[in-house]
Amino acid sequence: MDKHKNDEHKHEHNEHEEHHNKHEHEESHDSGHHHHDDGGNGHHDHDHEHAGHDHSHMIDDFKMRFYISLIVTIPILIFSPMIQSFIGYELTFPGVMYILFILSTFIFIYGGKPFLTGSYDEIKQKNPGMMTLIALAIVVAYVYSSLTVFGLPGNNFFWELATLIVIMLLGHWIEMRSVMGASNALEELVKMIPSEAHVIDENGDIKDVKIDELVHGDKVLVKPGEKIPVDGSITKGQSDVDESMLTGESVPVEKTTEDEVIAGSINGEGSLTLQVEKTGEESYLSQVVKMVKEAQESKSKTQDLSNRAAKWLFYLALFAGFATLVIWLFLGNSFSYALERMVTVMVIACPHALGLAAPLVVARSTALAAKKGLLIRNRANFEEARKIQSVVFDKTGTLTEGEFGVTEIVTEQGYEKNDVLQVAASLESQSEHPIAKGIVEDAKKENVTLTDPEQFESMTGKGLKGTIDGKEVFIVSPGYVKDNNIEYQTEKFKELSEQGKTVVFVLIDNKLAGMIALADKIRESAERAISRLKEQNVESMMLTGDNAQVANWVAKKLNLDEVYAEVLPHEKADKIKEIKGNGLKIAMTGDGVNDAPALANADLGIAVGAGTDVAMETADVILVKSNPEDVVAIIDLSKATYKKMIQNLWWAAGYNIITIPLAAGILSPIGIVLSPAVGAVLMSLSTVIVAINARMFKG
C-alpha cells in the first residue's frame, strides 16, 4: 500500500486546509491509493467498437424481414388449398402450386434466415432453444410441402410455414426493441482516454504524440482541465484531480509531486508534469477492460424462460414426430400418410404463440420498468433477479449521496448552532472546496442569511480567516487548534473522528465557538431500501474502498448485514466471486468504473444512473433515479414478470401439448384426427389469448 494511502487514513484526514488544494479528508480515500496495481487501456479495443450500432442494425433487420415476409404471406394464404377449404372458397389455376412454392421458398430463405443461423449456433453450443425449435418446424414444413408440389401425395404446409416465420419475426423484433442492451462497456472505457499526449523532450520542447507511442519514463505535460492520458507519477506541479469517473468518488483529490495519477481522470486548475509509469496493457483502465471482458465471457449463459420452454418442446417434437411415423408405419399405413402425420406433429409442436408469449410480456415489463426509472439491459439476468438472496451495495454515491454535507454542529457555551453556521458559511462562501460547498449548502437549507466578508484570506495548510460584521473569524483544522493550544471538547472530537468524519473548528474573535462535522451524507431512501430487503429475507452488504471507520458508521446507521471496507477496485470483483462462492445469488449495485468488473461478475449488475457510462454499460439494469429503493422494485418486478410469463407459456404451449397427440392420431381409432384447419383455429386462439394476457400485466 503506498505512502499516499497511509497518509490519507491517519487521523490527519481532518486537516482543514487552504481553499482548493489543502483540504485533506477521508473522502479522498477511494481515489489516491490503488494506482500501483491496477491497469487500464492505452490501446484501442476495436472488438466492441460497433456493438451498439450492430444492435440497432439487428432491430432494423428484423423489422424489415417482418414487413417483407408479411406482404409475401398474404398471397400464400390466399392460394393455400387448406385455407380455401377452411373458409370455403376456391381459387385454382394451372401452376398455382408453383407460385406457392416460389413465394414460400423466398419466405423460407429470407424470413427464416435468422432462425436457421440461430439454430446452427444453438446446436453448436449443444444448447437447443427457441431458434432450434423454429428451425425444426420451418425446415420440416418447407421440405415436406415442396415434395408435395413435385409429386409426393399429401397436403402442403406452406401457409403454416409463412405464418410461423412472420409471427416469430414479430416476436423477436418486439423483444429486441424493448431490450436494447448490447454492451459497449469496453468502447466506453476506451473513450475515456485521450488519443494524444503533450510530451516534453530533452530540450524542454513540447510535441503532441499518439498515446501508444509513449514509453516508460517519458515526461508528459497535462494542462488545466485536460484528461490525464497515462498512468504516471507527478514530477512537477500540484492540482486537484477529479477521479470520480474511475473510482465513483465524488470529492476531487489533491495531488502533488510523487503522487500517482490514473489515465482517464480529469486534471483541475493546476498544470502537472508526469513521468509515464504504465502504458498499454499494464495501465489501470486496461486492467479494468480485461476484467470486464473476462467477466462478460464467463457469465453463465443463462437461457431465458421461453428458451428453456422451447428446448423441451424441441425434444418433444422430435420424439413425438418420429414416434408417430414409426407407429403409423407399424400399423400398416402408407409411408406418405405416416409422413404427413409426422410433419403435422412436428409443425404443431412449434407454437406460434410461444414466439409472442415472452416478448409481449418483456415489452410490457420493460415499459413498466422504464416508467419506474429502471432500464433493463439484460433480460435473462433480470428474469433471474427474483432469486436474489443478497444485495451488495457500493457506498459512495449509492448508499450515500456522494457529496459532503454537515452532519453535526457542536457549539461552545454562549453560541447557538445557527450563529456558528452563519459565520462559517459566510466565510466558506468565498471558497470552492467540497467542504466549503457542504457548509454553504447546509446554511441554505437552514435558511441562514449569509454576509459578505469584509476581509478574506486563505491560510496555507491551516484554513481560512476573515472579518464578518466586524468580527474576526477563523475556520481551521484540528492541527491548528492543537498547535495553538486552544481547548476543545476532545472526547466529542474523538467520537466524530472515529466515525470517519471531517471536523473543522470555528473561532470568533479568538474564542472557540464550535466544531462542524462533515461527512458523505446517507441517502434517506437507502434506509427504506434496506429495511424492505430485510422484509423479503434478502441480505444487504456493503463493498467499499473507503476506510473501515466510515464504512462501519454507515453500516451501523443502515443496519447492514455485512461490511467489506478498504477494498481496492481490482479486489471488488474477487470479493463478489467469493460471496458467490458461498452459494448466494447476488446483485451488485455501484456507480464507478471501479465497480464495473464487480457488476459484470454479479448475478445481477445494477448501475446507479448518476454513475459512469462504464458502470452502466456493464450492468444488467440501470437505476435512472439513483434511488436504492429501486433495487427492491427490480426484485418485485422480476417476480411479477416471471409469474406472468409462466402463465403465458402455459397458454402458448398448453395448446400444443394437447394437440400433439391429437395430430399424431391417438384418437383415430374412434375417427378423430385433428385436421390442420382446426389446428390453425386453435393456434390463432392461443396467440390472441397470449397477447391479451400480456396487455393485462400491471407489474
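The name recorded for the protein in an unreviewed UniProt entry is P-type Cu(+) transporter, from Aquibacillus rhizosphaerae. Looking at the Sequence similarities (unreviewed entry) heading of the UniProt record, one finds this comment for the protein: "Belongs to the cation transport ATPase (P-type) (TC 3.A.3) family. Type IB subfamily." UniProt, in the comment section headed Catalytic activity (unreviewed entry), describes the protein in these words: "Cu(+)(in) + ATP + H2O = Cu(+)(out) + ADP + phosphate + H(+)".

Asks: Run through the overall build of the protein, naming residues and quoting values.
Replies: Along the backbone of the protein there are 27 helices and 22 strands. For the protein, the residues scored as buried account for 58% of the 699 residues in total. Restricting the contact set of the protein to residue pairs at least 6 apart, pairs at least 24 apart contribute 72%. Carbon together with sulfur atoms contributes 56% to the accessible area of the protein, which is approximately 29100 Å² in total.

Asks: Give me the sheet that holds strand β9 (residues 272-278): which residues, what numbers.
Replies: The sheet built from six strands is open, its strands ordered β2-β1-β3-β9-β4-β7 with antiparallel pairing. Among the strands making up the open sheet, the edge pair consists of β2 (206-210) and β7 (260-261). In the sheet, strand β3 (residues 219-222) pairs with β9 via four bridges, with the strands oriented antiparallel. When the sheet's bridge partners are listed, valine 220 is paired in β9 with leucine 274.

Asks: Lay out the pattern of salt bridges in plain terms, naming residues and giving numbers.
Replies: Side-chain pairing between opposite charges can occur once the charged atoms of the two side chains come close. Across all of its chains, the model carries 19 salt bridges by this definition. Ionic pairing is found between glutamate 408 and lysine 492, a salt bridge with its closest N-O pair at 2.8 Å. Of this pair, glutamate 408 sits in strand β12 (residues 400-411) while lysine 492 sits in helix α20 (residues 490-498); the two residues are 84 residues apart in sequence, bridging distant segments of the chain. The exposure class assigned to glutamate 408 is partly exposed, which follows from its relative accessible area of 23%. Several salt bridges converge on common partners, so that one network encompasses Glu384, Arg386, Lys387 and Lys585.

Asks: Before we move on, could you go through the confidence of the model for the protein and cite the residues and values that matter?
Replies: Looking at the protein as a whole, the pLDDT averages 81, with 85% of positions reaching at least 70. Confidence over residues 1-53 falls short of pLDDT 50; this stretch has 196 contacts with residues more than four positions distant or in other chains.

Asks: Let's hear about the pairing of β9: which residues, and what values?
Replies: Where burial is concerned, most of β9 is hidden: five out of the seven residues are buried. Summarising the sheet, strand β4 (residues 231-236) and β9 pair through five bridges and their orientation is antiparallel. Paired with glycine 232 across the bridge in β9 is valine 276.

Asks: Please give an account of the environment of serine 540 that cites residues and values.
Replies: Along the chain, serine 540 turns up in strand β18 (residues 539-543). Taking the C-alpha atoms as reference points, serine 540 and isoleucine 530, separated by 10 residues in sequence, lie 6.6 Å from one another. Ignoring sequence-local partners within four residues, the contact set of serine 540 consists of Val391, Phe393, Ile530, Leu533, Leu560, Asp561 and Glu562.

Asks: Tell me about the UniProt feature "transmembrane region" (unreviewed entry) in the protein, and please be specific about residues and values.
Replies: Sequence positions flagged by UniProt for "transmembrane region" (unreviewed entry) are, in local numbering, residues 66-87, 93-112, 133-151, 157-174, 312-331, 343-363, 649-667 and 673-694. As a span, residues 157-174 carries 94% helix and 0% strand, and end to end its C-alpha atoms are 26 Å apart. As a span, residues 312-331 carries 95% helix and 0% strand, and end to end its C-alpha atoms are 28 Å apart.

Asks: Give me the packing of aromatic side chains: which residues, what numbers.
Replies: Per the stated rule, a full pass over the model turns up 16 aromatic pairs. Centroid distance phenylalanine 101 to phenylalanine 150: 5.2 Å. Interplanar angle 85 degrees. Geometry classified as edge-to-face. Here phenylalanine 101 is found in helix α5 (residues 96-111), whereas its partner phenylalanine 150 is found in the loop between α7 (130-149) and α8 (158-178), with 49 residues between them in sequence. The class of phenylalanine 150 is exposed, set by a relative accessible area of 53%. Ring geometry for tryptophan 312 against tyrosine 315: centres 6.3 Å apart, planes inclined by 65 degrees, an arrangement best described as edge-to-face. With a gap of three residues between them, tryptophan 312 and tyrosine 315 both fall in helix α12 (residues 305-330), about one helical turn apart. Residue tryptophan 312 is classed as exposed on the basis of its relative accessible area, which comes to 63%. Given a relative accessible area of 39%, tyrosine 315 falls into the partly exposed group. One aromatic cluster is present, formed by Tyr98, Phe101, Phe108, Tyr142 and Phe150 through successive ring pairs. Here arginine 65 stacks its cationic end above the ring of tyrosine 110, 4.9 Å away from the centre of that ring. The aromatic ring of tyrosine 642 is capped on one face by arginine 386, whose charged end is 3.3 Å from the ring centroid.

Cut-offs used in this document
Residues numbered from 1 in each chain as written. Predicted model: local features only at pLDDT ≥ 70, side-chain atom pairs only at ≥ 80, totals over all residues. Heavy atoms only, no water. UniProt positions renumbered as here; feature names shortened; annotations may be inferred. Helix = DSSP H or I, 4+ residues; strand = E, 2+ residues; numbered from the N terminus. Buried < 20%, exposed > 50% of the residue type's maximum accessible area, 1.4 Å probe, protein only. Contact = heavy atoms within 4.5 Å. Areas by Shrake-Rupley, 256 points an atom, 1.4 Å probe, with all protein chains shown as cover. Pairing = 2+ DSSP bridges. Salt bridge = Lys/Arg side-chain N within 4 Å of Asp/Glu carboxyl O. pLDDT = per-residue confidence, 0-100. Phe/Tyr/Trp six-rings, centres within 6.5 Å; stacked < 30°, edge-to-face > 60°. Lys NZ or Arg CZ within 6 Å of the ring centre and 35° of its normal.

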